[in-house]
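# Tertiary structure, described
Here's the letter readout for the chains.
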Amino acid sequence: MDLQQELKTHDNASEGAKAIRGKHHSHTPAENRHTPINTYRLQLGPQFTFAQAEEIIPYLAQLGVSDIYLSPILQAAPGSTHGYDIVDHTQISQEMGGITAFCSFAEKVHAAKMHLVVDIVPNHMAVPTPLYLNHALWDVLRYGAESDYANWFDISLEAHGEGILMPILGERIGTVIANNDLQIVQQVVPGFEADGEVPVLKYHEHIFPIRPGTESLPISELVDRQFYRLAYWRVANDELNYRRFFDVDTLAAIRVEDPEVFNASHALLIKLFNDGLIDAFRIDHPDGLADPRGYLRQLHQVTGGAWVVAEKILADGEKLPNDWICAGTTGYDAMKMLQGLYTDPAGISELTNLYTEISQQIAGLSATENAAKQQIIDSTLFTEVNRLAQILERIFTNDVRLRDHTFRMIRESLVALTIQMDRYRVYVVPGERPNPEDERVLREAAERAIRKLDAELAETLEVILEILLGNEVGSAGRTHEELRHEAIVRFQQLCGPVMAKSVEDTTFYRYTPLLSANEVGSSPATPAVSTDEFYAWQTQMDAAWPLSLNSLSTHDTKRCEDVRARISALSEYSKEWSEAIENLRHELAPVRPIQLDGQIENLLYQTLLGTWTNTGPIAKQRLADYLRKAAREQKTWTTWTEVNNDLEEALISYANSAIDNEKSFALLEDFSHLIAESARTNILSMKALSFLLVGVTDNYQGQEITQNSLVDPDNRRAVDYQSLTQMLAQLDEHGLPSSPTLDIEKLWITSRAMRIRQKYPELCSAQAGIGTLPVTTGYALGFTRTINDAPVLLGLFTRLKRSFQEAERHGEQSVVLPAGNWINIFTGSEISGGLCAISDVLGRFPAAILERAHK
């Protein structure tokens, strides 16, 4: 039986969830399911195939990796370099090598005593070119409500409706028809060969199905009778009528909450899991789903309790819903806590003043975010807001007690509430009483919105709030009406895109006092984290989410861990940085463009410093590509759809001048040397600390040495694994050289830390625990990792190098180690428990992991 036949007969049902171990039963895998110890993320695609990944298996095994963590492996749209634009859930990516190459890779991974974690994309599929590559969408466009896939996409398919909007035309439809740009041709459609030659509609490289029975109509009538509407591309933001991923027209959301859609879209991955080729899963963007909790419960059931982590972005103070059956998040929360530890709160005020001076912006972070939300709602997400307002209007109109609220009132009130939401979404389930935290978040957002509304709009908003909470409002007995349930779900699906596009993809490019805090899952409002906050977070994770993933860099981060580490060092040298920038701006004043935006200017200076290496600045082409993306994401003077080429080129020219001018180059080079020790401390200490946290530690590809990667696609550049293999072999054979580079030091720490975690797999079990070590300074932190309450590993990590050195000048700083002898895994030195000088414990590195000496 071939794979396709097997998939058709494959039963997704399992025996149900297996017995769950330990006190964290709903957040840990079943006893017979694999738990990773550490993971290594690979970005697969045409540029890095299964065969190429197979070649580096020996290196990853030698590094100490327990699990290779793959980006999506299903068939993606043509030219995809990331795999999140899936077109076929029944096929492994042909560009990566297909099912045969994947099976070969997976078998060799397991033969090397490693395991595989695979990324699932449950929220959306690609709208590809050519369209027939998405079999489900093609079938829906051809047959409408009669299609076998009619329930896959969020769209109403009335027989006489206008159909799914396809905004792909370069001109308005009338002009396209008049110019005879639409052609009807007969052809065999790939993937639908059994149908033989059929008539299709072609527009340049685009091809569309023709609704049966309409092929002989005049072209205008034919176009009008389809289950889709061909439209000018600029129509999309105003009239798009299918749910999508954020504001990306080419990613159409699917209804994975429908059991049929879940089963069909997950069949291949679950089969590979049951066959032992996949061991665990990462879930992309669960906040886009109608019912994230229900989805995770379903996945838990069909996998018999696999280790699963969800890409959930937590706002300040937000916790992962306790009723989610998963191991935790993909690690943005860990990234925020670690980055904050290595940021000096004392420098934030000076950096904010410098930002204000350069940008000439007086608006604070909250005002900047709210303005960005309003802009996003008025532009790229206009249609999503309108659709929800129309649903609410129907609810109001259908209830005699609610009719005197107009569409304008409803929409304005809805917009005000959405702007005031301070997290990606709440998790109100239709028909269930909201949990107290979700109700608090919604009511507080409504209170903030009401303060900005007049009395009539405030009254409308109060009604909307009760509808969204599932409460009785208006006429009695209507809380369980389908429209009310739909409004609850759609509001939650709206909040995430508004947050993502306005905060991560707009505000983070506008409000730029300290770019290391402008990261997914973080906030410039809380850039620094105290040791007490860190300890409290670790205690909470140990109690509730002991197997969550911890990340420092991902494919979605705005800057890699090392760039952030260098930029955060500015918080220790804020006054010196202000002086350096004043001198640099003075030197470059003759070439500064008159219309240069101050917010992007401030971003430029920090980007140059953050990406500076011991060989000098980032390559000019990489910098130019990044600045174009950053400027367009900023959305103030250039955008993706309204490009201002002149100002973009002026910005890039100015950036090049900063590198080419001898004096400005020297200023940046000197400052890079000034912060070098702080940057080294941040890079090495943060990396070592990440491996001793509660949970599973991830290493993004290539980050075992230093990188200067920026936002995608820059962070998907090829990794030189041949060099890394040679470097690691040299270290293992000859040990650490007397004068190592920072790259060698980071590889040494990463490999030793990965291996020590593998030696103690019980640290990823219910038997593991965590405790603190007393230290005499706030510029170091220490803790123990225990198994059955017995310490097996100790960690000591310095932070804020400049302040730590100042503390040392006022007296030797100490730590109290548990009784016994301990070996520093980075230096090999042995030290006895008790009161010890921190410098004696650390040796040559800013961090130490200690293993109990075994006689």
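Below is a summary of the structure that appears in this document. In this text, all values refer to a predicted model and were calculated from it rather than measured experimentally. (Residues numbered from 1 in each chain as written. Predicted model: local features only at pLDDT ≥ 70, side-chain atom pairs only at ≥ 80, totals over all residues. Heavy atoms only, no water.)

## Remarks on the overall build of the protein
Here is the rule: Here a strand is any run of E in DSSP of at least two residues, a helix any run of H or I of at least four, and the numbering for each starts at the N terminus. Throughout, the radius of gyration refers to the C-alpha atoms, and the reference size of a globule is 2.2 Å times the residue count to the power 0.38. Exposure is judged per residue with a 1.4 Å probe applied to protein chains only, and the accessible area is read against the type maximum: over 50% gives exposed, under 20% gives buried, and values in between give partly exposed. We call two residues in contact when some of their heavy atoms are within 4.5 Å. For the area figures, the Shrake-Rupley method with a 1.4 Å probe applies, and any residue is considered shielded solely by the protein chains shown. His is not counted here, nor are the chain ends, while Lys and Arg score as positive and Asp and Glu score as negative. To locate a charge, the coordinates of NZ of Lys, CZ of Arg, CG of Asp or CD of Glu are taken.
A count of helices and strands for the protein gives 30 helices and 24 strands. Against the compact-globule benchmark of 29 Å for 855 residues, the protein has a radius of gyration of 28 Å, which places it among compact chains. With respect to the three principal axes, the spread of C-alpha positions in the protein is 85 × 70 × 55 Å. Taken over 855 residues, the protein has a buried fraction of 61%. Considering only contacts in the protein between residues 6 or more positions apart, those separated by 24 or more positions represent 73%. Counting only carbon and sulfur atoms, one obtains 49% of the accessible surface of the protein, whose full area is about 32100 Å². Averaging the coordinates of the 76 positive side-chain charges in the protein and doing the same for the 115 negative ones gives two points 3 Å apart.

## Thoughts on the sheet that holds strand β18 (residues 696–700)
To keep things clear, this is the line we draw: Any two strands are treated as partners once DSSP identifies two or more bridges connecting them. Throughout, an axis means a line fitted to C-alpha atoms (over the contacting stretch in the case of helices), and angles, computed between N-to-C directions, take values from 0 to 180 degrees.
Spatially, β16-β15-β14-β5-β2-β1-β18-β17 is the arrangement adopted by the eight strands of the open sheet, whose pairing is parallel. Strand pairing shows two members of the sheet lacking a second neighbour, β16 (328–329) and β17 (549–550), which therefore form its edges. Running at roughly 135° to strand β5 (residues 115–120), helix α4 (residues 98–111) makes contact with β2 (67–70) and β5 of the sheet. Lying on the sheet, helix α10 (residues 292–303) is in contact with β5, β14 (280–283) and β15 (307–310); it crosses β14 at an angle near 165°.

## Some points on the pattern of salt bridges
Operational definition: Definition used for salt bridges: Asp or Glu carboxyl oxygen within 4 Å of a side-chain nitrogen of Lys or Arg.
This model, assessed by the stated rule, comprises 58 salt bridges. With a closest N to O distance of 3.0 Å, E439 and R433 form a salt bridge. What makes E439 buried here is its relative accessible area of 14%. Linking R628 and E649 is a salt bridge whose minimum nitrogen-to-oxygen distance equals 3.1 Å.

## Remarks on the environment of E215
Mapped onto the elements, E215 comes out in the loop between β10 (206–209) and α7 (219–224). Considering only alpha carbons, one finds E215 and N237, 22 residues apart in sequence, at a separation of 30 Å. Once you skip the residues sitting within four places of it in the chain, E215 turns out to touch I184, P199, I210 and L222.

## What about the nonpolar core?
The test is simple: What we call a nonpolar core is a set of buried Ala, Val, Leu, Ile, Met, Phe, Trp, Tyr and Cys residues that are connected through their side-chain atoms within 4.5 Å.
Ranked by internal contacts, the top residues of the largest apolar core, which has 103 residues, are L42, F102 and F534. If near-sequence neighbours (up to four positions away) are discounted, F534 is found in contact with M337, L338, L341, V529, L689, L693, L781 and F783. Residues Y509, Y654, F671 and I675 belong to the second largest nonpolar core, which totals 44 residues.

## Describing the pairing of strand β11 (residues 228–232)
Of all five residues making up β11, four are buried, and the element is well covered by its neighbours. Where strand β7 (residues 164–169) and β11 come together, five bridges link them in parallel fashion. Each residue of the ladder has a partner; that of I164, found in β11, is Y228.

## Concerning a negative patch on the surface
The criterion, for reference: Patches here are clusters of residues that have more than 30% relative accessible area and form no salt bridge, with a 9 Å joining cutoff for like charges and a 5 Å cutoff for nonpolar side chains (Val, Leu, Ile, Met, Phe, Trp, Tyr).
A cluster of acidic residues, D454, E456, E459 and E462, forms a negative patch at the surface. Note that E459 resides in helix α17 (residues 455–468).

## A look at the packing of aromatic side chains
We apply this condition: Two aromatic rings from Phe, Tyr or Trp, using only the six-membered ring of Trp, form a pair when their centres are within 6.5 Å; if the ring planes differ by under 30 degrees the pair is stacked, by over 60 it is edge-to-face, and anything between is tilted. A ring is considered to have a charge above it if a Lys NZ or an Arg CZ atom is located within 6 Å of its centre and within 35 degrees of its normal.
Going through the model one piece at a time under the given rule, you end up with 21 aromatic pairs. With a centroid separation of 6.5 Å and an interplanar angle of 55°, the aromatic rings of Y40 and Y721 are classed as tilted. In this pair, Y40 sits in strand β1 (residues 38–42) while Y721 sits in helix α27 (residues 721–734), placing the two residues 681 residues apart along the sequence. There is no split in this pair, since Y40 and Y721 are both buried. Over the face of the ring belonging to Y69 we find R41, whose NZ or CZ atom lies 4.7 Å from the ring centre. Seen from the ring of W748, R752 lies directly overhead, with NZ or CZ sitting 4.0 Å from the centre.

## A closer look at the packing of helix α22 (residues 598–610) against helix α24 (residues 645–660)
Rules: Handedness of a crossing follows from how the near helix is turned relative to the far one, being left-handed for an anticlockwise turn of less than a right angle and right-handed for a clockwise one.
Relative orientation of the contacting elements α22 and α24 amounts to 40°, with a least axis distance of 11 Å. Note that α22 runs across α24; the crossing there is right-handed. Residue-level inspection shows I600, E601, L604, Y605 and L608 of α22 in contact with α24, the latter providing L651, Y654, A655, A658 and I659.

## Some remarks on α4
As a reminder of what qualifies: In a helix, the anticipated span is given by 1.5 Å times the number of residues less one.
Taking 1.5 Å of rise per residue, 14 residues should cover 20 Å, and α4 covers 20 Å from first to last C-alpha, within 8% of that figure. Looking only at α4, the buried set comprises G98, A101, F102, C103, F105, A106 and V109. Buried residues along α4 sit in contact with α2 (50–55), α3 (57–63), β2, β4 (86–92), β5 and α9 (259–274). Following α4 by one or two positions, K113 adopts a phi angle in the positive range, close to 65°.

## Side note on the sheet that holds strand β13 (residues 248–253)
Judged by pairing direction, the sheet is antiparallel, and its three strands sit side by side in the order β6-β13-β12 without closing on themselves. Since the sheet does not close on itself, it has two edges, and those belong to β6 (124–126) and β12 (244–245), each with one partner. In the sheet, β6 pairs with β13 via three bridges, with the strands oriented antiparallel. Across the sheet, the residue bridging to A126 is L251, located in β13.

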